[in-house]
Amino acid sequence: MNVLVTGGAGYIGSVCVEHLLNAGHQVAVYDNLSEGHRSAVDARATFILGEPEREGDVLEAVRRVRPDAIMHFAGSTLVGESMTNPKKYFHNNVVNGLRWLDAAVECGVKKFVFSSTCAVYGPPERLPMTEELPTRPINPYGESKLMLERALAWYQRVYGLECVIFRYFNAAGATEKFGEHHRIETHLIPNVLKVALGRAAHCEIYGTDYPTPDGTCIRDYVHVVDLAQAHMLGLQPGRSGIYNLGNGEGFSVREVISTCEKVTGRAIRVIEKPRRPGDPPRLVAAADKARRELGWQPRFPKLEDIIASAWAWHQKHPDGYPD
Ligand code: UDP
């Protein structure tokens, strides 16, 4: 298939591009490199340095590539930042997202695969979380992703655009070539591994008074390679739907840190901080629907293996990508 990948220079996008190419697909990456890195784009892909803010830029890219499918990874993804700069989230995730939907319809693209998030649910009534749970986001990040999900449902119904929506839980891990490098790192695992690498003196725990066994937030970590696998399955003709992607097991921030200590063999200095606004206490996926309908089978469900792959990448790339 001919696939256009937005945000293909970013963390999850770069790994998906690698997997698409390995599976024999033709790939064009569109990225403005605001978060992504040029060297995170697989050399086998065509690269388009775009700017979705520029009127007509998105449509022009879709006209040029004529893809069978668009995978839309580009967007802003930080819960904490969204609480202080909601405008950025509604703009990048909703306004620019709609440009991709419109261009897809205009150019007769059959399939749209959208990177959504478990943040659309807000604090869940029960765990593990199925796709039918009510969506009540408690941060602008989740809200903005939910808004595009809603638009997609109507674009599917009215225009017949096939839509696969993946609600990722916490993406982590790396392939040999591609890993997680944000210019300002806010994510737990890379921040903890920075301490193990000697690039930071300590890491921080945001909140130790949550209603969880050890007082820290619980998340469901999923290997980025397994996310890529799900995207590939989402390309099946005729397939559409909303799918959670997670492993169904929750780990607290403290458990993640101790697993990092175990994997790296290094002690991690920790400082306890207040809660970060916008964080729900526990998010754990039920991903039975993805397994059942898509045949998704995570290859790396164990937290230790996920962290080991991230550690291998960070050791090889202690400064991340060169650009
Ligand atoms: N977290 C933390 N210290 C950090 C980064 C994150 O304690 O340096 C916590 C954060 O509050 C959340 C969990 O770790 O409860 C996972 O955060 P991350 O930013 O990695 O992903 P998110 O769940 O926000 O998508």
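These numbers come from a predicted model, not from an experiment. (Residues numbered from 1 in each chain as written. Predicted model: local features only at pLDDT ≥ 70, side-chain atom pairs only at ≥ 80, totals over all residues. Heavy atoms only, no water.)

(A) Representation of the pairing of strand E5 (residues 111–117) within the structure. Where burial is concerned, most of E5 is hidden: seven out of the seven residues are buried. Here E5 shows two buried faces, one formed by Lys111, Val113, Ser115 and Thr117 and the other by Phe112, Phe114 and Ser116. As judged from the four bridges shared by strand E4 (residues 69–72) and E5, these two strands associate in the parallel manner. Among the inter-strand pairings, His72 is bridged to a residue of E5, identified as Phe114. Across seven bridges, E5 lies against strand E6 (residues 162–168) in parallel orientation. (Buried < 20%, exposed > 50% of the residue type's maximum accessible area, 1.4 Å probe, protein only. Helix = DSSP H or I, 4+ residues; strand = E, 2+ residues; numbered from the N terminus. Pairing = 2+ DSSP bridges.)

(B) Representation of the packing of aromatic side chains. With the rule as written, the count across this model stands at five aromatic pairs. One cation-aromatic arrangement involves Arg275 over Tyr210; the distance from NZ or CZ to the ring centre is 4.1 Å. Geometry around Tyr243 places Lys289 over its ring, the cationic atom sitting 4.9 Å from the centre. (Phe/Tyr/Trp six-rings, centres within 6.5 Å; stacked < 30°, edge-to-face > 60°. Lys NZ or Arg CZ within 6 Å of the ring centre and 35° of its normal.)

(C) Geometry of the site of the ligand. Inspection of the region around the ligand gives 15 residues, with Asn170, Leu188, Glu204, Arg276 and Asp279 positioned closest. Arg276 places a side-chain nitrogen or oxygen 2.7 Å from an oxygen atom of the ligand. Expressed as a share of its isolated accessible area of 510 Å², the protein-covered part of the ligand is 92%. Listing elements by their share of the shell around the ligand, those giving two or more residues are helix H6 (188–197) and strand E8 (203–206). For the shell around the ligand, the element with the highest residue contribution is E8, accounting for three residues. Of the residues assigned to the shell around the ligand, the class counts are seven nonpolar, four polar and four charged. (Near = heavy atom within 4 Å. Polar contact = N/O pair within 3.5 Å; in protein donor to acceptor, adjacent residues only side chain to side chain. Areas by Shrake-Rupley, 256 points an atom, 1.4 Å probe, with all protein chains shown as cover. Nonpolar A, V, L, I, M, F, W, Y, C, P; charged D, E, K, R; others polar.)

(D) Spotlight on the side chain of Lys145. Along the polypeptide, Lys145 turns up in helix H5 (residues 140–159). Buried charge without a partner: Lys145 forms no salt bridge, and the closest opposite charge is Glu149, 8.6 Å away. When near neighbours in sequence (up to four residues on either side) are disregarded, Lys145 contacts Ser76, Asn93, Phe114, Ser115, Ser116, Thr117 and Val120. (Lys, Arg positive; Asp, Glu negative; His and termini not counted. Salt bridge = Lys/Arg side-chain N within 4 Å of Asp/Glu carboxyl O. Contact = heavy atoms within 4.5 Å.)

(E) Looking closely at the packing of H6 against helix H10 (residues 303–316). As a packed pair, H6 and H10 sit with axes 10 Å apart at the nearest point and diverge in direction by 55 degrees. Our classification of the angle between H6 and H10 gives oblique. Pair H6 / H10 crosses with right-handed handedness. Side by side, H6 and H10 meet where Ile189, Pro190, Leu193, Ala196 and Leu197 of the first sit next to Ile307, Ala310, Trp311, His314 and Gln315 of the second. When grouped by side-chain class, the residues that make up the contact of H6 with H10 number eight nonpolar, two polar and no charged. (Axes fitted to C-alpha atoms, helices over the stretch in contact; angles between N-to-C directions. Parallel < 35°, antiparallel > 145°, perpendicular 65-115°, else oblique. Left-handed = near helix turned anticlockwise from the far one by under 90°.)

(F) Structural context of H10. Over its 14 residues, H10 extends 20 Å from the first C-alpha to the last, a length consistent with the 20 Å expected when each residue adds 1.5 Å. On its buried face, H10 sits against strand E7 (170–172), H6, strand E10 (221–223), strand E12 (251–252) and helix H8 (253–264). (Expected span 1.5 Å × (residues − 1).)

(G) Quick peek at the environment of Gln315. Assignment of secondary structure puts Gln315 in helix H10. Residues Gln315 and Ala196 lie 119 residues apart in sequence; the distance between their C-alpha atoms is 9.6 Å. Ignoring any residue separated from it by four or fewer positions in sequence, one finds Gln315 in contact with Leu197 and Arg266.

(H) Structural detail: the pairing of strand E2 (residues 26–31). Of all six residues in E2, five are buried, a share of seventy percent or more. When strand E1 (residues 2–6) meets E2, the two strands line up parallel, connected through five bridges. Along E2, the bridge assignment pairs Thr6 with Tyr30. Since E1 and E2 lie parallel, the crossover through helix H1 (residues 11–22) that links them has a hand, and here it is right-handed. When E2 meets strand E3 (residues 46–49), the two strands line up parallel, connected through four bridges. Paired with Ala28 across the bridge in E3 is Thr46. (Right-handed = clockwise from strand over helix to strand, strands pointing away.)

(I) Seen up close, the pattern of salt bridges. The full count for this structure, using the stated rule, is 16 salt bridges. Between Arg99 and Glu55 there is a salt bridge whose closest N-O contact spans 3.6 Å. Of this pair, Arg99 sits in helix H4 (residues 86–106) while Glu55 sits in the loop between E3 and helix H2 (57–65), and the two are 44 residues apart along the sequence. Judged by relative accessible area, which is 21%, Arg99 ranks as partly exposed. Note on Glu55: relative accessible area 74%, which makes it exposed. In the salt-bridge network here, residues are joined through shared partners; they are Arg219, Arg276 and Asp279.

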